[in-house]
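# Per-entry structural report
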Amino acid sequence: MTSSNENVTSTRQSEMIEAQVMQSNPDGFHHRTGPRRRNAILLATAALAALALMIYSGIHSRVIAESRLKQRTEEAAIPTVAVVFPREGAPTQEIVLPGNTQAFSDAPIYARTSGYLKRWYFDIGAHVQRGQLLAEIETPEVDQQLQQAQADLNTAQANLNIAKITAGRWQDLVSTGSVSQQETDQAVSNLSAVKASAESSAANVRRLEQLQSFEKIYAPFDGIITTRNTDIGALIDAGATTQPRELFHVAAIRTLRVFVSVPEVYSRATRSGAPATLTLDEFPRQTFHGTLARNANSIDIASRTLLVEVDVDNPTGQLLPGAYVFVHLKLPDETRSVTIPSNTLIFRKEGLQVGVVRNGKTELVPVKVNRDYGNSVEIVSGLQPTDAVIVDPSDSLLAGMSVRVNSKPTAGSGQ
């Protein structure tokens, strides 16, 4: 306790002494206290600078972290895709399309009169000439109707003769005043009515004679019998209320027609008169020559193809109607194509497309397929060998999207 009091007393004494010194020599006092004050100011300034530096360093590091996070988020939002380069194929000089041979003329033969089949003369595979008798039908009802019609015609002609005589006599008598004009007009009118009745009977006779002529069935053109659906004694009913029954089927095969559907991209190869060759599996070492006779001059909207008819001479009958053939059409110019995997195709309402990466952006390119090999397809338009095609494109893929390629592109697979 005593020491504390002594310290307080000592401090007060020192303050008093300093006050006295300051009053006696104020300049000397400031000279002693100036360096101490400057040091305090420097220390305070340094502390403020350190604090500002710490604040700036914290804010700057936070901005850098946010920028890095934003960059990484944007990079993570960019989808990663795998791409493949199309494989360039050899120039296409011809196209091969499937088709079926058809007879140039093909007709079913029906009966035009009712009765029973009396006899037939040719069976399937037989070669017939135009107008050659194929079969005969017994038509007793038509025969009786024809006899009745002929009798009615004879009666009508007899009535016509007497009407002519009567009308002539009445016209002679009316001039002398022996008969009235009314009676003469009735005789002339009766002549006209009897004449019309006779003409009607004659027309009925001709109709029945025509029906009777249908008892004999003739070949409509040169060809072969491909079908016979009747036999001796079979009932032939040509009534309008019944389903007609085909008796024979005749086909002309000296010239065959082949209808093929040519893809739109090759439609320029379908010039009328252009040559075409046919191959068949049953004739592996033989080709048949034909000519493009005509085309539909209209693209089928559903299949995007042009219907073409190829006519092939078949004088020996070696080719049969209904055969499956391959039609080879020469292209006017070489057509280059590329091959890409099938899992690169995009099927949408806009049509067949593929996704291509160009300058880091996606583009949806419409393409046209020539051949489908199963795991790959041949493209004839829309792609170049240098295009990077996206493999397994997602349903959400749109044009103009930024994408990143995950690996070095590889060459496209072949067949």
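These lines cover the structure that appears in this document, whether it is placed above or below. (Residues numbered from 1 in each chain as written. Predicted model: local features only at pLDDT ≥ 70, side-chain atom pairs only at ≥ 80, totals over all residues. Heavy atoms only, no water.)

### Quick word on the nonpolar core
Grouped together as the largest cluster of nonpolar side chains are 28 residues, with contacts concentrated most on Val 258, Val 262, Leu 278, Val 310, Val 327 and Leu 329. Only strand S4 (92-109), strand S11 (248-263), strand S12 (275-280), strand S13 (283-300), strand S14 (305-313) and strand S15 (324-335) provide two or more residues apiece to this core. Looking at this core element by element, the count peaks at six residues for S11. Other than its neighbours up to four places away in sequence, Val 310 contacts Leu 256, Arg 257, Val 258, Ala 276, Leu 278, Gly 290, Thr 291, Leu 292, Ala 293 and Val 327. (Core = buried A, V, L, I, M, F, W, Y, C linked by side-chain atoms within 4.5 Å. Buried < 20%, exposed > 50% of the residue type's maximum accessible area, 1.4 Å probe, protein only. Helix = DSSP H or I, 4+ residues; strand = E, 2+ residues; numbered from the N terminus. Contact = heavy atoms within 4.5 Å.)

### A few points about unusual backbone geometry
Excluding glycine, residues mostly carry a negative phi; peptide bonds, for their part, are mostly trans. Of note, the phi angle at Asn 297 is positive, near 55 degrees, even though the residue is not glycine. Phi is positive for Asp 392, which is not a glycine, with a value near 50 degrees. Within the secondary structure, Asp 392 is located in the loop between strand S22 (388-390) and strand S23 (404-405). Looking at Asp 392, the relative accessible area reads 54%, which means it is exposed.

### Examining the layout of surface pockets
In this structure, the largest pocket occupies an estimated 380 Å³ of space. Along the walls of the largest pocket sit Leu 97, Ser 261, Pro 263, Glu 264, Val 265, Ser 303, Arg 304, Thr 305, Leu 352, Val 367, Lys 368 and Val 369, which together make up its complete lining. Broken down by secondary-structure element, the contributors of at least two residues to the lining of the largest pocket are S11 and strand S20 (368-372). Considered class by class, the residues forming the lining of the largest pocket number six nonpolar, three polar and three charged. What the second largest pocket holds in volume is close to 190 Å³. Along its surface, the second largest pocket is lined by His 127, Val 128, Gln 129, Asp 222, Gly 223, Ile 224, Ile 253, Arg 254, Asn 314, Pro 315, Thr 316 and Gly 317. Listed by contribution, the elements that provide at least two residues to the lining of the second largest pocket are strand S6 (127-128), strand S9 (223-228) and S11. (1 Å grid on protein atoms, 1.4 Å probe; cavity = no way out; pocket = protein on both sides within 12 Å on 5 of 7 lines; lining within 4 Å. Points joined across faces, edges and corners; volume = space filled by probe spheres on them. Nonpolar A, V, L, I, M, F, W, Y, C, P; charged D, E, K, R; others polar.)

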